[in-house]
Amino acid sequence: MADIQRLAKKHQILKPWDIETIVNTFNSLDLDANKGIEQRHLVAAVQKIDPERNYDEVRNALKNVEVSRPGMVELDDYVAVIAALREADAGGKAVGSKPAARAFEGITSDRAYERRTILQSRQNASSAHTINEDEREEFTNHINLALGGDKDIDYRLPIDPHTMQIFDETRDGLILSKLINYSTPDTIDERVLNRGRKLSPFQITENNNVVINSAKAIGCSVVNIGSQDLAEGREHLILGLIWQIIKIGLFANIDIKLHPELYRLLEDGETLEDFLKLPADAILLRWFNYHLAAAGWGRRVANFSGDIKDSENYIVLLSQLVPSQCSRDALHERDPTERAELMLQGADRIGCRRYVSPKTVVNGNPKLNLAFVAHLFNTHPCLEPLEESADHAELDDFLFRDEYDREARAFALWLNSLGVDPFVNYLFEDIKDGLVLLQAFDKVFPGSVNWRKINTRRPMMRFKQIENTNTAVDIGKDHRFSLVGIQGADITDGVPTLVLAIVWQLMRANIVQTLASLATDGREVTDRDMIDWANRTAAAGGSSATRIRSFSDPSLASARFLLDVLNGMKPGIVDPQLVATGASDEDLKLNAKYAISIARKLGATIFLLPEDIVEVKPKMILTFIGSLMAIDHNRR
């Protein structure tokens, strides 16, 4: 009775007999030991009182309630949500509108309200951010299809694509981790993930650390996204991250090493080197137009929006890819929406009705149409295999020349983690004008670049590019980089060994600088300091007496030393039952994957691959241990 009186006084929109019914209903639910329910069960609980309430209404109301426990809803919270819904009804306004929200407990200022505003609208000018509901719907459909049947999350699927549920289901990091592994298999060792229906805030943070640091490692730009943003369900950030992860998976096979027949897309006079500089979306457009030309069609596409709105180019493309299933009959349909539907029915016959609807085709949504075309390429590339010919000898040379690939990939990912613009896709090409390199220098050594003297207008003549890269080399020398024999022209020309040399030293300086800033004496940290720290930490957390002498110590190949270091940083983080003791390549790689994922779980930004550990690449091992040392020092 005391509860009813207290709650009636607090929520005057509710009558005492209403509150009594609400209290009794709540107490009949499956409550935990602290008398609460998980937030994911709130909608069903509210519908026991108000059956007509939908997911988004309840979710919006919850955003205006200061819950007692993260991720949980207790009696007071439950009553407050229902009161918020009734207040909105009485005021004739949607839940979450400002006047209604200000009546709720805990909303004390405009700033507090704006921080809680639902960022859900196609054209809501009052929101700081908006999300596209079509993209939310299609990305949710992708997740349902991709992850259906997964034993850890199957009970949460399918997610309703027509609501904001996706942003609640991704809060604990499990679905996003699974999505990363779907797009880029084996990125995350799923043995490190915290599973279960009731995770603590700390376990959720660990999972989201894995998500953020693994997303960086596959090439996502996550400069402004933290693990807390995911836990809080920040819609625009989560949707943007989901798109990046999906896109990386869709683009993974647009690679001439996997599809040598892409060589057929080279234009007259174009070299393979020039073709390889094209981003994946440009290659998709080239592929699209190749088939339009082969079909004798007069039109071409230059984008994934305006040029596909009428569906005509799509109809011709599909008829060229699979003529037995897709005809051009739909070209005779005058209504654009009906024409799009007929086109998609053809796509459905070949198993490719994904990512778009008639509306998003007619509206020209660039992301969703890009995804649709990428899916068509991945399932029906329809490029004739190459024949033996001296004409593509340069392709054979390229396919066997990959000695710099892994280092270049890691360094590009590191540069992207600094927030450089533009995003680095192809290291040797994307730094040739010096601007990305100079941005990196300015971030590692603030104030080192006098931007008034830098050429910034693109496109840029070669001599201006060399002026910039010469400046980058000079700044490196000023900071005692070893750059003997390296000139700006070498960077502009993309000489692999010399480009890697300057970027590596810049990356190493960044690690050393971070460690020095965390040290009590502020002195420069040497390789020996890192090795000594690793040996001390491994001794504290390991079962073996292994010590390393350098970053090229052969014992590092098994990754067991690195696992000892991780266990020394946080005792118990390594499950000894999961550590392989054999010496086979598979055992070594399993341990390396396990070590990388645990490091990310602890919050470390790791760019190396398991192969870098197994093959004991000293530079990459240094970055791994340096990142761990920075995490350890930052905790003290």
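For every chain, the first residue of the written sequence is number 1, and numbering continues from 1 onward in sequence order. At least 70 in pLDDT is required for a residue's local features to be given in this predicted model, at least 80 for side-chain atom pairs to be given and counted, and no such filter applies to totals for whole chains, interfaces and linings, which use all residues. Derived side-chain values reflect all non-hydrogen atoms in the structure, with water molecules and hydrogen atoms excluded from consideration.

Novice: Would you mind going over the overall build of the chain in detail, with residue names and values included?
Specialist: Strands here are runs of E lasting at least two residues and helices are runs of H or I lasting at least four, both read from the DSSP assignment and numbered beginning at the N terminus. Scanning the chain from N- to C-terminus turns up 31 helices and 2 strands. Relative accessibility decides the category of a residue: with a 1.4 Å probe and only protein chains considered, values under 20% of the type maximum give buried, values over 50% give exposed, and everything between is partly exposed. Looking at the chain as a whole, 53% of its 636 residues are labelled buried. We call two residues in contact whenever any of their non-hydrogen atoms come within 4.5 Å of each other. For the chain, restricting intrachain contacts to residue pairs at least 6 apart in sequence, the fraction spanning at least 24 positions comes to 61%. Computed with a 1.4 Å probe, the accessible areas rest on the Shrake-Rupley method; for each residue, only the protein chains presented here act as cover. Summing over all exposed atoms, the chain offers an accessible surface of approximately 29,100 Å²; the carbon and sulfur share of this is 48%.

Novice: Please give an account of the confidence of the model for the chain that cites residues and values.
Specialist: The quantity called pLDDT is the predictor's confidence in a given residue, expressed from 0 to 100. Residues of the chain with pLDDT of at least 70 account for 90%, and the chain-wide mean is 87. Every residue in residues 94-127 scores below 50 in pLDDT, and together they form 62 contacts with partners more than four places removed in sequence or on other chains.

Novice: Summarise the nonpolar core; cite the residues concerned and give the values.
Specialist: Take the buried Ala, Val, Leu, Ile, Met, Phe, Trp, Tyr and Cys residues and link them wherever side-chain atoms come within 4.5 Å; each set so joined is a nonpolar core. In terms of nonpolar packing, the biggest core is built from 170 residues, with L241, L415, L427, F441, L566, F624 and I625 touching the most fellow members. With 11 residues, the single largest contributor to this core is helix α26 (residues 496-518). Here F624 is in contact with L562, A595, I596, A599, I606 and L608, once residues within four sequence places are set aside. Counting residues in each nonpolar core, the second largest holds 30 residues, with V43, V65, I82 and A84 among its members.

Novice: Which residues make up the environment of D255, and what values do they have?
Specialist: By the element assignment, D255 lies in the loop between α13 (235-251) and α14 (272-276). In this structure the C-alpha to C-alpha distance between D255 and A280, which are 25 residues apart in sequence, comes to 8.3 Å.

Novice: Which residues make up the packing of helix α10 (residues 174-183) against helix α11 (residues 201-218), and what are the values?
Specialist: Two quantities define a packed helix pair, namely the angle between the axes and the distance from one axis to the other. At a minimum axis separation of 9 Å, α10 and α11 run at an interaxial angle of 25 degrees. When the axes of α10 and α11 are compared, the pair comes out roughly parallel. Where α10 crosses over α11, the two elements pack in a sense that is left-handed. Across from L174, L176, S177 and I180 in α10, the residues of α11 making contact are N207, V210, V211, S214, A215 and I218. Classification used: nonpolar for Ala, Val, Leu, Ile, Met, Phe, Trp, Tyr, Cys and Pro, charged for Asp, Glu, Lys and Arg, polar for all others including Gly. Counted by class, the contact of α10 with α11 contains 7 nonpolar, 3 polar and no charged residues. Only the contacting stretch of a helix is used when fitting its axis, a line to C-alpha atoms as for every element, and angles between N-to-C directions run 0 to 180 degrees. Here roughly perpendicular refers to angles of 65 to 115 degrees, roughly parallel to angles under 35, roughly antiparallel to angles over 145, and oblique to all remaining angles. Crossing chirality is assigned from the near helix's rotation relative to the far helix, an anticlockwise turn below a right angle marking it left-handed and a clockwise turn marking it right-handed.

Novice: Hey, could you go over the side chain of S558 for me, with residue numbers and the actual values?
Specialist: By secondary structure assignment, the location of S558 is in the loop between α27 (527-541) and α28 (560-569). Only 3.4 Å separates the side chain of S558 from the backbone oxygen of S555, close enough to count as a polar contact. If we skip the residues at most four places from it in the chain, S558 touches L588 and N591. N or O atoms closer than or at 3.5 Å make up a polar contact, with two conditions inside protein: a donor-capable atom paired with an acceptor-capable one, and, for residues adjacent in sequence, both atoms drawn from side chains.

Novice: Break down the packing of aromatic side chains for me, with residues and values.
Specialist: Centre distance within 6.5 Å is the pairing criterion for rings of Phe, Tyr and Trp, where only the six-membered ring of Trp is used; planes under 30 degrees apart are then read as stacked, over 60 as edge-to-face, and the remainder as tilted. Enumeration according to the criterion identifies 10 aromatic pairs in this entry. With centroids separated by 6.3 Å and ring planes inclined at 90 degrees, the aromatic side chains of Y426 and F428 adopt a geometry described as edge-to-face. Between F441 and F481, the aromatic rings sit 5.8 Å apart at their centres with planes inclined by 35 degrees, giving tilted as the arrangement. Pair noted here: F441 is in helix α23 (residues 435-444) and F481 is in the loop between α24 (462-478) and α25 (488-492), with a separation of 40 residues, a long-range link. Each member of the pair F441 and F481 is classed as buried. Members of the aromatic cluster, connected to one another through ring pairs, are F288, Y314 and F372.

Novice: Lay out helix α2 (residues 16-27) in plain terms, naming residues and giving numbers.
Specialist: One fewer than the residue count of a helix, multiplied by 1.5 Å, yields its expected span. End to end, α2 covers 16 Å across 12 residues, agreeing with the expected 16 Å (1.5 Å per residue, within 8%). Turning to α2, its buried residues number three or more, namely I19, I22, V23, T25 and F26. Viewed end-on, α2 has its buried residues packed into an arc of 165 degrees, placing them on one side of the element. By construction, the arc corresponds to the directions joining the helix axis to the C-beta atoms.

Novice: Outline the packing of α10 against α13, listing residues and values.
Specialist: Running from amino to carboxyl end, α10 crosses α13 at an angle of 20 degrees, the nearest separation of the two axes being 8 Å. Here α10 is positioned roughly parallel relative to α13, judged by the angle of their axes. Along this stretch, α10 crosses α13, giving a crossing that reads as left-handed. The segment α10 lies against α13, with L176, L179, I180 and S183 engaging L241, I242, I245, I246 and G249. Its residues placed into classes, the contact of α10 with α13 shows 7 nonpolar, 2 polar and no charged.

Novice: Which residues make up the environment of R353, and what values go with them?
Specialist: Structurally, the position occupied by R353 is in the loop between α17 (336-349) and α18 (358-362). Considered as a pair, R353 and M343 are 10 residues apart in the sequence and their alpha carbons are 9.5 Å apart. With residues near it in sequence (within four places) discarded, R353 still touches E341, L344, Q345, A347, D348 and P358. A polar contact of 2.8 Å, which involves the side chain of R353, links it to the side chain of E341.

Novice: Residue-level account of the side chain of E206, with values.
Specialist: When you line up the elements, E206 lands in helix α11. Once you skip the residues sitting within four places of it in the chain, E206 turns out to touch N194, K570, I573 and K601.

Novice: Describe the pattern of salt bridges, naming the residues involved and giving the relevant values.
Specialist: Salt bridge criterion: a side-chain nitrogen from Lys or Arg within 4 Å of a carboxyl oxygen from Asp or Glu. Tallied over the entire structure, the rule returns 43 salt bridges. For R6, the salt bridge is made with D76, and the minimal N-O distance between the two is 2.8 Å. With R6 in helix α1 (residues 2-10) and D76 in helix α5 (residues 75-91), the pair connects residues that are 70 residues apart, well separated along the chain. Taking the relative accessible area as the measure of exposure, D76 reaches 25% and is therefore partly exposed.

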